[in-house]
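Report on the structure
So you can see what is in the structure, the chains are spelled out below.
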Amino acid sequence: RPRGTGAGPATSCSSTCVAVVAGDVGHVDGAIHVPHADLTEDHLDDLGIDRDRLVVVYCAGPHCNGADRAALRLAGLGRPVKKMIGGVTGWLDEGFDLVASAVPPAAEERPA
C-alpha cells in the first residue's frame, strides 16, 4: 500500500495513485481513475503526472489483474510504478477506509 512521508502507513495516496477498478466499491482517497486504454505517455502528460513521479496502481483485489497490466504498461513507458498489493480488498483488510464514490475522478475532473 502507498506510504506517506511520516512514520506510519498512509490512509490516503501520497503518490499518484491510479485506480483501475470497476464497480462501486469506492476508492483510496487521492486516487485518480485512468482507464487502461488511456495509459499513454501523451495522456499522462496531459494529466500533469510528472515522468519521474511514482505512480501507485491498484485494482479490486488479488483476483484482479488490472493493476498488473497497468504497472506493466507504465513500466514500459519508463515511469516509476508500484502495485498496491491486495488492491481494494487488501486496503479494507488493513482497516483503512475508502472514499464513497463509484469510480475515482479522472484528473481533469478534480477541483484545483
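To be clear, the structure that these remarks concern was listed above.
1. Some remarks on the nonpolar core
Counting 13 residues, the largest nonpolar core has L39, I49, V57 and L74 as the members making the most contacts within it. Per element, the largest residue contribution to this core is 4 residues, and it comes from helix α2 (residues 66-76). The contacts of L74, once residues within four sequence positions are left out, are L39, L44, V55, V57, R79 and V81. Membership of the second largest hydrophobic core comes to 9 residues, among which are V28, M84, V88 and W91.

2. Notes on the pattern of salt bridges
Counting across every chain of the model gives 5 salt bridges. A salt bridge links R51 to D45; the shortest N-O distance between them is 2.6 Å. Relative accessible area serves as the criterion here: at 33%, D45 is assigned to the partly exposed category. Between D68 and K83 there is a salt bridge, and its shortest N-O distance comes to 3.0 Å.

Here is what the cut-offs are and how they apply
Residues numbered from 1 in each chain as written. Predicted model: local features only at pLDDT ≥ 70, side-chain atom pairs only at ≥ 80, totals over all residues. Heavy atoms only, no water. Core = buried A, V, L, I, M, F, W, Y, C linked by side-chain atoms within 4.5 Å. Buried < 20%, exposed > 50% of the residue type's maximum accessible area, 1.4 Å probe, protein only. Helix = DSSP H or I, 4+ residues; strand = E, 2+ residues; numbered from the N terminus. Contact = heavy atoms within 4.5 Å. Salt bridge = Lys/Arg side-chain N within 4 Å of Asp/Glu carboxyl O.

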